[in-house]
Amino acid sequence: MIRCVIFDLGQVIVPFEIERGYRAFAQVCPHSPEELRCRVLSTGLVPRFERGEIEPRDFVERICSALDLKVTYDEFCRLWSSIFLPETLVPEALVAGIRSRRRTLLLSNTNAIHFEMIRENYPIIRHFDGCILSHEVKAMKPAPEIYRAAIASAGCRPEEIFFIDDIAEYVEAARREGIDAVQFHGREQLEQELSARGIDW
């Protein structure tokens, strides 16, 4: 029996478009979105930030230097978080309904700036009993450590956990830890997977 349901965040709960962020930054600095993408990637800072190896203000200072960007910390955070779209991919009622019957967790590769913005702007987040976040556990999917942290938070055996993620590689990594995991392809498919496991909402 499934005792805990774990959701990925980006592209499962909250949709995002990375290019929106580069276009937003391009409006306030002298480089094109394509050039900005290359500059950000060349720093290697984003994975380190998402593993919690860099503090937010240090990250912002270093990225601003790489992009020739002169904005305040708060303005950077607004631009950096502009990738997220307003409507969630699954309804709040679905997560709330699952939580009324089973433990619900969020498992995400994310960073401190993005998650603060998500928590403030998406009420659906309040329906999770806990969040396993890469920048807090110092490990990113598909590393086994982040799944083991999720299993510990679930408080049950791996086979009693159902996990949904949009990236096939992360689904496979979860399965290697014994978790019942499937790739997300939309709300209707998710509801079918839940029903197949006797999970009501």
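By convention here, each chain's residues receive numbers from 1 onward along its written sequence. Restriction of local features to residues with pLDDT of at least 70 applies here, the model being predicted, together with a cutoff of 80 or more for giving and counting side-chain atom pairs; totals for whole chains, interfaces and linings are based on all residues. Working from all heavy atoms in the structure, the side-chain values ignore hydrogens and water.

Visitor: Looking at this structure, how should I read the layout of surface pockets?
Guide: Rolled over the atoms, a probe as big as a water molecule pinpoints where empty space is left. A 1.4 Å probe that fits into a set of points on a 1 Å grid over the protein atoms alone but cannot get out defines a cavity; an open set with protein on both sides within 12 Å along at least five of seven lines defines a pocket, and lining residues are those with an atom within 4 Å of a point. Grid points are joined across faces, edges and corners, and a volume is the space filled by probe spheres set on the points. Space inside the largest pocket adds up to approximately 750 Å³. Phe-16, Ile-18, Val-46, Glu-50 and Asn-109 are the residues nearest the centre of the largest pocket, which is lined by 31 residues in total. Under the scheme used here, helices are H or I runs from DSSP no shorter than 4 residues and strands are E runs no shorter than 2 residues, and both carry numbers assigned from the N terminus. Listed by contribution, the elements that provide at least two residues to the lining of the largest pocket are helix H1 (18–26), helix H2 (33–43) and helix H3 (45–50). Under the convention adopted here, Pro, Cys and the residues Ala, Val, Leu, Ile, Met, Phe, Trp and Tyr are nonpolar, Asp, Glu, Lys and Arg are charged, and Gly plus all remaining residues are polar. Split into classes, the residues belonging to the lining of the largest pocket amount to 16 nonpolar, nine polar and six charged. Roughly 170 Å³ of volume is contained in the second largest pocket. Lining of the second largest pocket is provided by Tyr-73, Cys-77, Arg-78, Ser-81, Ser-82, Ile-113, Glu-116, Met-117 and Glu-120. Looking at the lining of the second largest pocket, the elements with two or more residues in it are helix H5 (73–80) and helix H7 (112–121). By residue number, the principal contributor to the lining of the second largest pocket is H7, which donates four residues.

Visitor: Which parts of the structure should I look at to understand the packing of H1 against H5?
Guide: Where H1 meets H5, the closest approach of the two axes is 8 Å, and the angle between their N-to-C directions is 140°. Relative to H5, the element H1 lies oblique. Along the contact surface, H1 presents Gly-21, Ala-24 and Phe-25, while H5 presents Phe-76, Leu-79 and Trp-80. Within the contact of H1 with H5, the residues separate by chemical class into five nonpolar, one polar and no charged. All axes here are fitted lines through C-alpha atoms, helices being fitted over the stretch that makes contact, and every angle between N-to-C directions spans 0 to 180 degrees. Oblique is the label for any angle not under 35 degrees, not over 145, and not in the 65 to 115 range, which are roughly parallel, roughly antiparallel and roughly perpendicular in turn. Contact between two residues is taken to exist if any of their heavy atoms lie within 4.5 Å; hydrogens are not considered.

Visitor: Help me out: how do you make sense of the nonpolar core in this one?
Guide: The nonpolar side chains of a soluble globular protein tend to be buried with one another. Phe-7, Ile-13, Ile-118, Ile-125 and Leu-190 are the most contacted members of the largest nonpolar core, which has 29 residues in total. Those residues in contact with Ile-13 that sit more than four places away from it in its chain are Phe-7, Asp-8, Thr-88, Leu-89, Val-90, Val-95, Leu-106, Ile-124 and Phe-128. Buried Ala, Val, Leu, Ile, Met, Phe, Trp, Tyr and Cys residues form a nonpolar core when they are joined through side-chain atoms within 4.5 Å. Per-residue accessibility, obtained with a 1.4 Å probe over protein chains only, is compared with the maximum for each type, and a residue is labelled buried under 20%, exposed over 50%, and partly exposed between these values.

Visitor: What exactly am I supposed to notice about H7 here?
Guide: Since the α-helix advances by 3.6 residues per turn, residues separated by three or four positions end up pointing in the same direction. If you check which residues of H7 are buried, you get Ile-113, His-114, Phe-115, Met-117 and Ile-118. Among the structural elements, H3, helix H4 (56–67), H5, strand S2 (103–108), strand S3 (130–133) and helix H8 (134–137) are those in contact with the buried residues of H7. Between the side-chain oxygen at the start of H7 and the backbone nitrogen of Ile-113 there is a gap of 3.2 Å, and the oxygen is on Asn-111. In protein, a polar contact requires one atom able to donate a hydrogen and another able to accept it; more generally it is a pair of N or O atoms within 3.5 Å, and residues adjacent in sequence count only if both atoms are side-chain atoms.

Visitor: Looking at this model, I keep getting lost on H1. Mind explaining?
Guide: Taken together, the buried positions of H1 are Gly-21, Tyr-22, Ala-24 and Phe-25. Viewed along the axis of H1, the buried residues span an arc of 160°, placing them on a single side of the element. By construction, the arc corresponds to the directions joining the helix axis to the C-beta atoms.

Visitor: Honestly, the state of the cysteines in this entry has me stumped. Any pointers?
Guide: Linking two cysteines covalently through their sulfur atoms gives a disulfide. In this description, a disulfide is simply a cysteine sulfur pair whose atoms lie within 2.5 Å. Throughout the structure, instances matching the rule amount to zero disulfides. Counting only cysteine sulfurs, Cys-64 is the nearest neighbor of Cys-29, a cysteine outside any disulfide, at a range of 9.2 Å.

Visitor: Can you help me understand the packing of aromatic side chains in this one?
Guide: Each aromatic ring pair is described using two quantities: the centre-to-centre distance and the angle formed by the ring planes. Pairing of aromatic rings covers Phe, Tyr and Trp, the last through its six-membered ring, and needs centres within 6.5 Å; plane angles under 30 degrees mean stacked, over 60 mean edge-to-face, and all others mean tilted. The full count for this structure, using the stated rule, is eight aromatic pairs. Seen in terms of ring centroids, Phe-16 and Phe-84 are 6.3 Å apart; in terms of plane orientation they differ by 75°. Their pairing is edge-to-face. In this pair, Phe-16 sits in the loop between strand S1 (4–7) and H1 while Phe-84 sits in the loop between H5 and helix H6 (92–99), placing the two residues 68 residues apart along the sequence. We classify Phe-16 as partly exposed; its relative accessible area is 27%. Taking the relative accessible area as the measure of exposure, Phe-84 reaches 10% and is therefore buried. One aromatic cluster in this structure is built from Phe-25, Phe-49, Phe-59, Phe-76 and Trp-80. In this arrangement the basic side chain of Arg-57 is found over the ring face of Tyr-73, its NZ or CZ atom lying 3.9 Å from the centre. Two conditions define a charge sitting above a ring: the NZ of Lys or the CZ of Arg must be within 6 Å of the ring centre, and it must be within 35 degrees of the ring normal.

Visitor: Help me understand the pattern of salt bridges in this model?
Guide: Working definition: two side chains of opposite charge can pair if their charged atoms are close together. Between Lys or Arg on one side and Asp or Glu on the other, a salt bridge is scored when a side-chain nitrogen of the former is within 4 Å of a carboxyl oxygen of the latter. One pass over the structure, following the stated rule, counts 19 salt bridges. Measuring nitrogen to oxygen at the nearest pair gives 2.3 Å for the salt bridge that ties Arg-37 to Glu-19. Of the two residues, Arg-37 is situated in helix H2 and Glu-19 in helix H1; the sequence distance between them amounts to 18 residues. You can call Glu-19 partly exposed: its relative accessible area is 31%.

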